[in-house]
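# Chains, contacts and geometry: an overview
Each chain, letter by letter, is given below.
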Amino acid sequence: MTCDLTNPIFTDEAKAIAHMEADRWPDGVTCPHCGSFNTHKMGGQTQAGMFLCNDCREKFTVRTGTVFERSHIPLHKWLLATHLMSASKKGMSALQLSRMLGITYKSAWFMTHRIREAMTPSSVGPIGGENKVVESDETYIGGKTKNRAYAKKEPKKHAVMTLVDRDGDSHSFHIANVKAKTLREKIETTVSRKSVLMTDELASYGKIGGEFVNHLTVNHGAKEYARLGGFVHINTAECRFSLMKRAVFGTHHSISEAHLSRYLAEWDFKFNTRKMTDGERAALALKGAEGKRLTYRQPH
Ligand SMILES: [Zn+2]
């Protein structure tokens, strides 16, 4: 499946609904409230796309229990937005999406965050394993004021940590600080202890590093960027950070603390699906739309 924007599911609401239904319920419509297959489609114009469960008597649509629930934006626009965001290497701003979809900025903003939520894995790790190398690195995002003389105060810096399996997946986190306890918490739950851990020489890694098969460190100060014939490096993680800063933060300019982790999830999602086609990636994002409800206020 490729990302063909001329596909009618991106313009025709009935086709969009049919596409989502087939995608979500390949073995027949299932009630999202009780799991029953005993359902029927309701008739009438006003109840288009509505099902009734014969067991629990609840009504539902293909949006029920997904990040698209209770949104007044037509489903074909959701599908298009999901495809555009999945296909865009550098990320897509809400402003750009609002122009492309002909919706308000506010609606587009909510859509982008819900789609990021769909891209967020429901469980993380473990990455790495036997004979695998996992790199860990930290960076700071934000905190630069271009014109300090007029700025009231310098924006807050946010610490971000990324853990990346050289041959596999990556998971990034917005962290409060780079203290040993904080880093341990993330490494413990994300990385298999059977891996070789590569980090910089930050003292915070000392203790937890000892719990891995091997812990190798890169000493940046000594300009020792790659030891052992190029094996000891954290270039994968560093490269991800520099791309992230250029692409994601170049597109979105300022990102608030509350939403930073969602941008990181989108960034990881694209890295972890880097071998897929745009269409396959979008299909995976759509799958992830299910089983997640967002608690923030609706745009309408
Ligand atoms: Zn039911």
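Residues numbered from 1 in each chain as written. Predicted model: local features only at pLDDT ≥ 70, side-chain atom pairs only at ≥ 80, totals over all residues. Heavy atoms only, no water.

## Focus on the sheet that holds strand 1 (residues 39-41)
Strand order in the open sheet formed by 3 strands is 1-2-3, and the pairing between neighbours is antiparallel. Only two strands of the sheet have a single neighbouring strand rather than two, namely strand 1 and strand 3 (59-60). (Pairing = 2+ DSSP bridges. Helix = DSSP H or I, 4+ residues; strand = E, 2+ residues; numbered from the N terminus.)

## Concerning the coordination of the zinc ion
Within the protein, the zinc ion binds to C31 (SG), C34 (SG), C53 (SG) and C56 (SG); these donor distances fall in the range 2.2 to 2.3 Å. Classification of the site at the zinc ion as tetrahedral follows from its 4 donor atoms and the range of 106 to 116 degrees in their angles at the metal. Considered as a linear motif, the donors of the zinc ion on their single chain read C-x2-C-x18-C-x2-C. Of the two residues, C34 sits in the loop between helix 1 (13-24) and strand 1 while C53 sits in strand 2 (residues 51-53), which places them 19 residues apart along the sequence. (Donors = N, O, S within 2.8 Å, 3.2 Å for Na, K, Ca; no water. Tetrahedral: all angles 85-135°; square planar, octahedral: opposite > 155°, others 65-115°.)

## Focus on helix 9 (residues 278-288)
Three or more residues of helix 9 are buried, namely G279, R281, A282, A285, L286 and G288. Here the buried face of helix 9 lies against helix 1, helix 2 (75-87), helix 4 (105-119) and helix 8 (260-272). (Buried < 20%, exposed > 50% of the residue type's maximum accessible area, 1.4 Å probe, protein only. Contact = heavy atoms within 4.5 Å.)

## Quick notes on the side chain of H76
Tracing the backbone through its elements, the reader meets H76 in helix 2. Using a relative accessible area of 13% as the deciding quantity, one classes H76 as buried. There is a polar contact of 2.8 Å between the side chain of H76 and the side chain of E13. Excluding residues that lie within four positions of it along the chain, H76 makes contacts with I9, F10, T11, D12, E13 and A16. (Polar contact = N/O pair within 3.5 Å; in protein donor to acceptor, adjacent residues only side chain to side chain.)

## Considering the sheet that holds strand 8 (residues 214-218)
Strand order in the open sheet formed by 5 strands is 6-5-4-7-8, and the pairing between neighbours is mixed. Looking along the sheet, the strands with just one partner apiece sit at the ends: strand 6 (170-175) and strand 8. The average angle at which neighbouring strand axes cross in this sheet is 20 degrees, direction not considered. Judged from the 5 bridges that link them, strand 7 (residues 196-200) and strand 8 form a sheet pairing that is parallel. (Axes fitted to C-alpha atoms, helices over the stretch in contact; angles between N-to-C directions.)

## Concerning empty space enclosed by the protein
Inspection of every chain in the model, using the stated rule, returns 3 cavities of 30 Å³ or more. Each pocket or cavity is described by its volume, and for the second largest cavity that value is around 50 Å³. M20, D23, R24, T66, L286, K287, A289 and E290 are the residues that line the second largest cavity. At the level of secondary structure, the elements contributing two or more residues to the lining of the second largest cavity comprise helix 1 and helix 9. When residues of the lining of the second largest cavity are assigned to their parent elements, the largest contribution, 3 residues, is made by helix 1. Here the lining of the second largest cavity is built from residues that sort into 3 nonpolar, 1 polar and 4 charged. (1 Å grid on protein atoms, 1.4 Å probe; cavity = no way out; pocket = protein on both sides within 12 Å on 5 of 7 lines; lining within 4 Å. Points joined across faces, edges and corners; volume = space filled by probe spheres on them. Nonpolar A, V, L, I, M, F, W, Y, C, P; charged D, E, K, R; others polar.)

## Comments concerning the packing of helix 7 (residues 235-252) against helix 8
Helix 8 packs onto helix 7 with a crossing angle of 120 degrees between their chain directions and a minimal axis gap of 11 Å. Considering their axes alone, helix 7 and helix 8 lie oblique with respect to each other. For the crossing formed where helix 7 meets helix 8, the hand is right-handed. Between helix 7 and helix 8, the contacting residues are R240, L243, M244, A247, V248, F249 and H252 on the first element and L260, Y263, L264, W267, D268 and F271 on the second. Taken together, the residues of the contact of helix 7 with helix 8 break down into 10 nonpolar, 1 polar and 2 charged. (Parallel < 35°, antiparallel > 145°, perpendicular 65-115°, else oblique. Left-handed = near helix turned anticlockwise from the far one by under 90°.)

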